[in-house]
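# Geometric and topological summary
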Amino acid sequence: MNCIVLKMGGSILEKLPDSFYEMIVDLKKTGVCEPVIVHGGGPGINRMLHQLKVESPFVDGLRVTTKEVLDVAEMVMSGSINKSIVSNLQKAGGVAYGTSGVDGSLLQATPFDPTGALGYVGEVASVNDDWLKVIMSHGIPVISPIGIDQSGQRYNINGDMAAAAVAQSLKGKLALISDIPGVMETISGKQVIHPVLTKEQIDEKIKTGVIYGGMIPKIKSAMDGLSAGATESVILNGLTPADLKNYIEGKEAGTKIIA
Ligand code: X2W
């Protein structure tokens, strides 16, 4: 299926213009490709935990998830964040269905860390794509990354990992929507955006400091998406929605990550 899984993290969600949602609705209406949204919500979860005075440390980018933290993560992501994306898509003229990985066991999960040190952090064991395709036949799915196992236990799943698993399952492309135009580098005094990077080039650019800070986890998720079986991974700027259209049309946009 010609589909694109758009991962929208918590920080970009707070900044996306209406025109970005209009672009997604347009993709669906014109049938150019099937958009599927997987979102995160880290900053919103942090704010709510802060209000509740609950500590939630991260280990290697994953939030240590106690039962209390799990409830908050679910409340924030499957509740207000999921519904605000659905509202924005519908305001843009589309039909969208919010679901979490719990509904219809869409994201069947297992513990990420068998030692239990991370608590209820899950990884996706399989995606119920029958259910996903039913939603896709009616509108745009908007997926919150909370998963469930056969015993009914829920898990907090990193949004990038959930998006990569969905892209793999649908044999689709994975687009990480960010607030930068792609991987940038200053060459001979001029700033350029790398249109394509291989995994080896990325490793090299991390080593030499060209790729640094917050860009590292983003790039790693794009690479993980590829290893998880997405057909292609790309980092796109959500603040300039034409980039998404250009990418879909096969024109240069963002930074494509290839094997
Ligand atoms: C993430 C889920 C949200 C997420 C968390 O609790 O923050 C784990 O770390 P962003 O906004 O995409 O970072 N889950 C296990 O991934 O949000």
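Model, not experiment: these values are computed from the prediction.

Moving on to the overall build of the protein chain. Secondary structure assignment for the protein chain yields nine helices and 16 strands. Against the 2.2 N^0.38 benchmark of 18 Å for 259 residues, the protein chain shows a C-alpha radius of gyration of 18 Å, consistent with a compact globule. Considering only C-alpha atoms, the protein chain reaches an extent of 55 × 40 × 35 Å along its principal axes. Every one of the 259 residues in the protein chain was classed for burial, and the buried ones make up 48%. Within the protein chain, contacts between residues at least 6 apart in sequence are counted, and of these 71% link residues at least 24 apart.

Every one of the 17 residues lining the ligand counts as a neighbour, but K7, G10, R63, N156 and G159 are closest to it. At 2.9 Å, a side-chain N or O of N156 approaches an oxygen atom of the ligand. At a separation of 2.8 Å, an oxygen atom of the ligand approaches a polar backbone atom of G159. When the free accessible area of the ligand is taken as 430 Å², the share hidden by the protein chains comes to 89%. Going through the elements one at a time, α3 (42-51) and β4 (62-63) are the ones with two or more residues in the shell around the ligand. With three residues, α3 is the single largest residue contributor to the shell around the ligand.

Let us now look at the environment of G31. If you trace the backbone, G31 turns up in the loop between α2 (18-30) and β2 (34-39). Residue G31 is classed as exposed on the basis of its relative accessible area, which comes to 55%. In sequence terms G31 and C3 are 28 residues apart; their C-alpha atoms lie 9.9 Å from each other.

The next thing to look at is the pairing of strand β12 (residues 184-187). Here four bridges tie β12 to strand β13 (residues 190-193), and the two strands are oriented antiparallel to one another. Bridging from a neighbouring strand, E185 pairs with V192 of β13. What sits between the antiparallel neighbours β12 and β13 is a turn of two residues, in which S188 has the positive phi angle 45°.

Looking now at the nonpolar core. One recurring pattern in soluble globular proteins is that nonpolar side chains are buried together. Of all hydrophobic cores here, the largest spans 38 residues; its most connected members are L6, M8, I37, I85, L89, I177 and L244. A total of nine residues in this core trace back to one element, the largest contributor, which is helix α4 (residues 67-91). When sequence neighbours within four positions are dropped, the list of residues in contact with I85 reads M8, L13, Y21, I37, H39 and V142. By size, the runner-up hydrophobic cluster in this structure holds 34 residues, among which are V127, I157, L170 and I219.

Moving on, we come to the sheet that holds strand β16 (residues 255-258). Taken together, eight strands build an open sheet; the order of strands is β5-β8-β2-β1-β11-β15-β16-β14 and the sheet is mixed. Across the chains shown, the open sheet's two edge strands, defined by having one partner strand only, are β5 (96-100) and β14 (196-198). Averaged over all neighbouring strand pairs, the angle between strand axes comes to 25°, with direction disregarded. As judged from the six bridges shared by strand β1 (residues 3-8) and β2, these two strands associate in the parallel manner. Each bridged residue has a counterpart across the sheet, and for I4 the counterpart in β2 is P35.

Along the polypeptide, N82 turns up in helix α4. Residue contacts for N82: discarding those within four places in its chain leaves H39, M77, G98, T99, V142, I143 and S144.

Scoring rules and cut-offs
Residues numbered from 1 in each chain as written. Predicted model: local features only at pLDDT ≥ 70, side-chain atom pairs only at ≥ 80, totals over all residues. Heavy atoms only, no water. Helix = DSSP H or I, 4+ residues; strand = E, 2+ residues; numbered from the N terminus. Rg over C-alpha atoms; globule rule 2.2 N^0.38 Å. Buried < 20%, exposed > 50% of the residue type's maximum accessible area, 1.4 Å probe, protein only. Contact = heavy atoms within 4.5 Å. Near = heavy atom within 4 Å. Polar contact = N/O pair within 3.5 Å; in protein donor to acceptor, adjacent residues only side chain to side chain. Areas by Shrake-Rupley, 256 points an atom, 1.4 Å probe, with all protein chains shown as cover. Pairing = 2+ DSSP bridges. Core = buried A, V, L, I, M, F, W, Y, C linked by side-chain atoms within 4.5 Å. Axes fitted to C-alpha atoms, helices over the stretch in contact; angles between N-to-C directions.

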